[in-house]
Amino acid sequence: MTSAPPPSSPSSTSLLNPTPLDITDQLTSWVSTDRCDWLLWLFLYDTTEHCCSHDALLNFCLSNYWTYFFPAMLCVRACSGLIRTAMRVRTLHSFPGITVAQIDEEVSKLLQLKAQIGGDDGKHQFVLKTAKGTRDYNPKQMAIREKVFNTILGCFKRHGAETIDTPVFELKETLTGKYGEDSKLIYDLKDQGGELLSLRYDLTVPFARYLAMNKITNIKRYHIAKVYRRDNPAMTRGRYREFYQCDFDIAGQYDAMIPDAECLKIVYEILSELDIGDFRIKVNDRRILDGMFAVCGVPDDKFRTICSTVDKLDKMPWEEVRKEMVSEKGLSEEAADQIGEYVSLQGGMELAERLLQDQKMSQSKQACAGLTDIKLLFSYLQLFQVTDKVVFDLSLARGLDYYTGIIYEGVLTQAGIAAEAQNGSGAEESVSVGSVAGGGRYDGLVGMFDPKGRKVPCVGVSIGIERIFSIMEQKAEASAQRVRTTEVQVMVVSAQKNLLEERLKLLTELWNAGIKAEVIYKKNPKLLSQLQYCEDSGIPLVAILGEQELKDGVVKLRAVATREEADISRADLIAEIKRRTSEA
């Protein structure tokens, strides 16, 4: 049985010896566009004589051969067995290197594609899901997030910061070359009207661009907004592709280490107030790192790439980091071993003093300048009463290219996190959350955008809200504590029928007085149903109206928690509600 190819089909020559890649690409393309005549031609040409057991199927398919949009789903279902048979006999002749397992895998992909494109009824079907690395938040989760945001926002405002906002996307050239090896994680957008754009990777570079554009030399600002990274997401660890950053930055020419110390104080206050477990704030200085690399024999052109490798020490053991330095980055084993001796050191002001006397480190002016500032920083941190949580850690690198001086990172300690977990698996998930805050000094970033290269010294910190939220959510689930999703203070209910108008009148009085209140959207709801709604929602007060209360000019005010009731005159009701809610 033979058949000529349909009009505009591939030539017989091109189909005799397709490559495995051709098969995969063409199958996906043809099935997704309902061009199953092409699919049949690919698998039936020169194979029909070997497929006698499928004569009925072949006759059926070929009789409809000229229908160029033969339903793709019927074709995939009917031909799955034929594809396997045809491919088995053609493996040696036309498909060198193709195995039956690969054929089955391709058929499986086609069936998955069928599920995505639609079912047999011809209706379009699709999978309801969020994009990879993103998530939805239900009201309970949003209530927890709002609590975290309010804590952070209150701290920022307490330290005198004002806020700004910048576009969610920037010119691609604005972001390029600012993030080192992480630049590959930037989301690029399609050309829009001649501008090459990218989604913002963080809030720091847009802030620097904002300062340069507006010629601002002094500002203390906070910014809470979403950023985007084409990272490999780890949802249980609070790592997403779309997430919030909460940034606090101080720009301006000030005396050394005073603004830097305040940023560390802010991290201390936020992590303490959120009560998410014991924490440590690691500090280091990029000048110390660069000086260390120099005295250890790292070539100048490898400073940044070796710094990015050292930055992985919080995720990888030293043996793996050393292997990457030597095998992948081309660093000598001797230099790597010397770096290993230094990055294992931790301490406080005394460590900075000891390194200033170190025979090798003392040879680097950069390192000595950084160590001197570390000593000064710790003296201010003592005045801010935060040195119990701050540690000078030479393994801290932070791979972003724009840092020029002090760098720091807030991390949860294993002991502190484990104490919050209720079982072994919960502890393991919590410990893997990683750093929850980070920042540093970037004195040269604004100058990259200024036409005259004028620098504006800056230092700042970013709070990892998503990772903190992951921990807060785990704590809420473990404690089984009720989380209120609204702020309603009082529910207006009726004890009898036909009192909707009276309920709405009282509701309006409460709204006009600034009291958060609501009613059930029914004309004659049952009293028990209304009271149960208050208990389920955590509403503290109930204002009950009945015929007798209306005659007496009072409202029965009920405390949901204690179920105590009191008749309050209509004139005094608002004052009484405000008094009770202020005491709660």
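Residues numbered from 1 in each chain as written. Predicted model: local features only at pLDDT ≥ 70, side-chain atom pairs only at ≥ 80, totals over all residues. Heavy atoms only, no water.

> Kindly report on the pairing of strand 15 (residues 554-559), identifying the contributing residues and their values.
Across a regular strand the side chains alternate sides, sitting on one face of the sheet and then on the other. Counting buried positions over the 6 residues of strand 15 gives 6, a clear majority of the element. Going residue by residue along strand 15, you find V554, K556 and R558 tucked away on one face and V555, L557 and A559 tucked away on the opposite face as well. Pairing between strand 14 (residues 541-545) and strand 15: 4 bridges, direction antiparallel. Bridging across to strand 15, V542 finds its partner in R558. Direction of pairing for strand 15 relative to strand 16 (residues 565-569): antiparallel, over a ladder of 5 bridges. (Buried < 20%, exposed > 50% of the residue type's maximum accessible area, 1.4 Å probe, protein only. Helix = DSSP H or I, 4+ residues; strand = E, 2+ residues; numbered from the N terminus. Pairing = 2+ DSSP bridges.)

> Tell me about the nonpolar core, residues and numbers included.
Counting residues in hydrophobic clusters, the biggest one holds 97 residues, and the most contacted among them are M292, F293, I339 and F392. The dominant element in this core, judged by the number of residues it contributes, is helix 10 (residues 258-274), at 9 residues. Setting aside its immediate chain neighbours within four residues, M292 contacts I339, Y342, V343, M361 and L394. (Core = buried A, V, L, I, M, F, W, Y, C linked by side-chain atoms within 4.5 Å. Contact = heavy atoms within 4.5 Å.)

> I'd like to hear about the packing of aromatic side chains, residue by residue, with values.
Inspection of every chain in the model, using the stated rule, returns 10 aromatic pairs. Their ring planes at 75 degrees and their centres at 5.1 Å tell us that F149 and Y244 sit as a pair that is edge-to-face. With a gap of 95 residues between them, F149 in helix 7 (residues 139-158) and Y244 in strand 5 (residues 242-251) connect regions that are remote in the sequence. The exposure class assigned to F149 is buried, which follows from its relative accessible area of 16%. When its relative accessible area of 25% is taken as the criterion, Y244 is described as partly exposed. One aromatic cluster in this structure is built from Y179, Y201, Y402, Y403 and Y442. (Phe/Tyr/Trp six-rings, centres within 6.5 Å; stacked < 30°, edge-to-face > 60°.)

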